[in-house]
Each structure stands twice: as C-alpha cells, then as structure tokens.
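Summary of the model geometry
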Amino acid sequence: MLKLFTPILADLASAPLDLTPERYGLVTACDNGLLEASGLSVPVGSLCRITHGPARSLSAEVIGFRNGRTMMMMLGDSVMLRPGARVYPEGRPGLLPVGEAFLGRAVDGEALPIDGLGPVHARSQWPAGGVRTSALDRSPVRLPFETGVRALNALTMFGQGQRIGIMAGSGVGKSVLIDMIAHGADADVIVIGLIGERAREVSDFVERHMRGDKRARSVVVAVPADHAPNLRLRGAMLATSIAEYFRASGKQVLLIMDSLTRVAHAAREIGLLLGEPGAARGYPPSALATITRLVERAGNSAASGGSITGLYTVLADGDDENDPVVDTARSILDGHVVLSRELAQRGQYPAIDIAASLSRVMADIATPEHSEAARTFRALSATYEANRDLVLMGAYRAGADAQLDRAIAMHEALSGFLAQPPRTFCSLEDSAAQLAELVGSP
C-alpha cells in the first residue's frame, strides 16, 4: 500500500519550497475566449488558474499584454466565468514537464494523463520553445531510417534526423501511412503528437500502438480538434520537447506530428485574436513562422549523438498543393511524400505519387546501385503517366518509343511494387533487393 504513495512523496520532496506571498489578478474582460486581467504581472507563456466559486477553477495561458492588462486565452470552456474572478499564476513559465515517466503513457496538452493510469510523475522540465543551438551543432544525415514501407524505403529513402512531410488532401490516407510507419519504424523512442484530429482517431491509435513491446518506448500527446487553439499549440510543443529530451539522452527518436496544418490553424486563431493581419490567405505571419520554429527543432545532435527523425502530416486544403502551409512546409522540410487522390481512387494504397515525392538526403545515404534503380523506376513511372491517356485511347503505336514500350509492359509490376497492405512490413534490404530485381534489366 505504501508503494502507491512513494511517487507522490518523491515529488513533494523534490519540489522547491516557495515562501513568496501569493499574487493574484482580477478578470476584467472576456471576448470569445480572450481574457484580460488586471493587477497581474506574469511573463508570456505562463499558466494561470482562475477561481470562480467553491472548488471550481479554470485554466488559461498568458499570450500577451496591452495597456497594463494581461491578455490570456482559455485552455477550456469559459462557461460560468464571471467578472472579478481571481487569477493565480501557476508553475514555471516557459517550461514543460518531460522525462522517462512519459514512456508508455498518453497525455493531453497540459501533460495530464488521458489513459486512466494515474498521474505522470515527471521530475524534469524542458523549455517550451526548445534549446536553440548553432547550425554547426547539427550533424549531417548519414544513416538510413527504417520505415517498413517498401515504396518509401526503395524510392524516397529516409535518414535518421531527417524532417519529412506527408502531404495530401483529406481522406487520401495520411493517417494510414503514418500508422504503417509507426508500426515498422526502427527507433528507440516514438513520440506521437495527435494535434487537432478526431477524438475517435486518437482512441484507435492508442489502442493499436500502446500495447505489447511498443508501449514501453512510445509516448502519445493527444489534443483533439474540439480543444482550445492554445492547448493544441501547447500539445505540439510538448511532444517536440519530450522528443528533444530523449535526443539529449543520446536516443534515436521518431517524432510523428499529425498534423502540422492543425498546428498552423491553432496559431492562426491566436494571431487573429491578437489583431494580426491575415497576410497569406488568412494566415498571419506568426502562424507560418510557428511551423518553421517547430520543424527546425528536429534533427541530429552532434553533442549527444541522438537524433529526432520528424514525420509531419500536412493537409492540403482543397487538394491545393500551393496552400501557404503546404508551401511553407515543403520549403523547410528535408523531403516530402505526396499522396494522390487519383491514385487512391484507382485502389492503390498507399497512394504515393512517386513523381511528386522527394527525399533530399537519399543521394547521401543510398548506394549508387540503389539510387540508379530508383531513378530508373521514376523514369518508367513518369513516362507511363505522361502518356497514359494516349495508351488508354489506343492512340499510341507500339515500337515508336522504346522507353514507353517498357513502361507499358511493366506498368502492372510498377503499380504492384508501390502498393502494400496495411500492417505489413518490408525491410530496407528487402525493398532495395525487390527494386533491383524489378528494374535491373531492360
């Protein structure tokens, strides 16, 4: 029985004794989730507790200050909030809890457990914005990363410490592909941030991945779409901070963020609420800058020898590949995998558009033979797709183009190579061998 209280007593023993007088402010205004409080001077990023009756409290985060008033945003519903409610600062501003205690757990954006397994006793803290390092402190990508997906291993090989985007419209298979990678990835720790997604998807993901051997090396940070925008943004920063903590310990970490677009939406809501102009299709500059800051925190560490391989899904609103979020992510990431709705409608899963997908580090980590085979595959696939209509209409005469003749003859084999059933695994070696066997001879 005493073992149940051991973690609590250890937390109390490690907590510093605070003898400063208790400070509080008063709520003076509430407008669509944006609160103003007077008499409270706390830094941006601080968490506050708002009391509005016996045993009742609400949580809010400081997002700015103006004209002597502190501006806060609710982390939950503002129902029952009243003018004059007391606002108390809590915790240490700008720091998030991290540590080994998160392994095998599912938490929300406030690091509170959602898996029903009791509190998380994390005794370490990490800056919410990350630890900024010099560009030369990042070691280059030199080792391949196992994904378990044949098309990715063979044609857009990932590397340890690479940042990759999976870009597609809604309902094309981003979550299914992430599920396959999380199942087959070779990493010491897997941190999954489910930000702004469906609550049903969160429960399904936790049920599939938080069991068996994988549970001991997995962390899930889930903030569904119905939560406050600052809580969604805080969840993304918490997942990245946990990954950075394990990288500093020398571990190889896979960070999955689903999705980067929802993070940008949350930052857009906060920016517009603060009065920023919507510059690019309604996105204020701070929203797009949030993407850059979050992505740049992943990568290799020369000091610890650890790495964060970042995998970010990017939702192309209306299947528009020139959407500001898609364009910003594509420019800052080390590679991108594009999923095609047309291929999905043909029944090809995962619906990877090889011609539009790119890994910027494959040339550095793949063997020359592998790279040559991948280029041959891409050339054959692109040749067939460029002449698909002519072939289907019967307007092409066999023998006019040797490359196209070979592409037509191998079309079924090429499509079969790209397809892979969910929850199946194909190693890097097997992927490269199958690719060489497929395109090895004309």
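Everything below is about the structure shown above.
This report concerns the structure included in the present document. (Residues numbered from 1 in each chain as written. Predicted model: local features only at pLDDT ≥ 70, side-chain atom pairs only at ≥ 80, totals over all residues. Heavy atoms only, no water.)

1. So, the sheet that holds strand β2 (residues 34-38)
Sheet strands pair via backbone hydrogen bonds, and the direction of the pair is either parallel or antiparallel. Quick note on the threshold: Pairs of strands are assigned from DSSP output, requiring at least two bridges between the strands. Numbering goes from the N terminus for both helices and strands, where a helix is a DSSP run of H or I of at least four residues and a strand is a run of E of at least two. A fitted line through C-alpha atoms serves as each axis, taken over the contacting stretch for helices, and the angle formed by two N-to-C directions is quoted from 0 to 180°. In what follows, a contact means two residues having at least one pair of non-hydrogen atoms within 4.5 Å.
Spatial strand order, β1-β2-β5-β4-β3-β6: six strands in a closed barrel with antiparallel pairing. Neighbouring strand axes in the sheet, compared pairwise and without regard to direction, differ in orientation by 45° on average. Inspection of the sheet shows β2 paired to strand β5 (residues 69-74) by four bridges, in the antiparallel sense. Looking at β5, one finds that Leu34 is bridged to Met73. Of the strands in this sheet, β3 (47-51), β4 (57-66) and β5 touch helix α5 (residues 229-248), which is tilted by about 80° from β5.

2. A closer look at the nonpolar core
Put simply, the rule reads: Buried residues of nine kinds, namely Ala, Val, Leu, Ile, Met, Phe, Trp, Tyr and Cys, make up a nonpolar core once their side-chain atoms join them within 4.5 Å. Whether a residue is buried, partly exposed or exposed follows from its accessible area with a 1.4 Å probe, protein chains only, as a fraction of its type maximum: under 20%, in between, or over 50%, in that order.
Within the largest apolar cluster, 57 residues are counted, with the highest numbers of intra-cluster contacts made by Leu155, Leu254, Leu311, Val337, Phe377 and Leu435. In this structure, Met73, Val189, Ala264 and Val325 belong to the second largest nonpolar core, which totals 53 residues.

3. Overview of the packing of helix α11 (residues 368-386) against helix α15 (residues 428-439)
Spelled out, the test is: Oblique is the label for any angle not covered by the other classes, which are roughly parallel (under 35 degrees), roughly antiparallel (over 145) and roughly perpendicular (65 to 115). We call a crossing left-handed when the near helix sits turned anticlockwise from the far one by less than a right angle, and right-handed when that turn is clockwise. Residue polarity is assigned by list, with Asp, Glu, Lys and Arg as charged and Ala, Val, Leu, Ile, Met, Phe, Trp, Tyr, Cys and Pro as nonpolar; anything else, Gly included, falls into the polar class.
Look at α11 against α15: their axes get within 9 Å of each other, and the N-to-C directions meet at 55°. Between α11 and α15, the angle is such that the two are oblique. Crossing of α11 against α15: the hand is left-handed. Along the contact surface, α11 presents His370, Ala373, Ala374, Thr376, Phe377 and Leu380, while α15 presents Ala432, Leu435, Leu438 and Val439. Across the contact of α11 with α15, the residue classes tally to eight nonpolar, two polar and no charged.

4. Looking at helix α14 (residues 411-418)
Side chains three or four residues apart in an α-helix point the same way, a direct result of the helix having 3.6 residues per turn. The condition is simple: Each C-beta atom gives one direction from the helix axis, and the arc is the one those directions make.
The complete set of buried residues in α14 reads His411, Leu414, Phe417 and Leu418. Buried residues of α14 fall within an arc of 125° about the axis and therefore sit on the same side. Considering only its buried residues, α14 is in contact with α2 (150-155), α11, α12 (388-393), α13 (402-409) and α15.

Taken by themselves, the reported measurements are silent on function.
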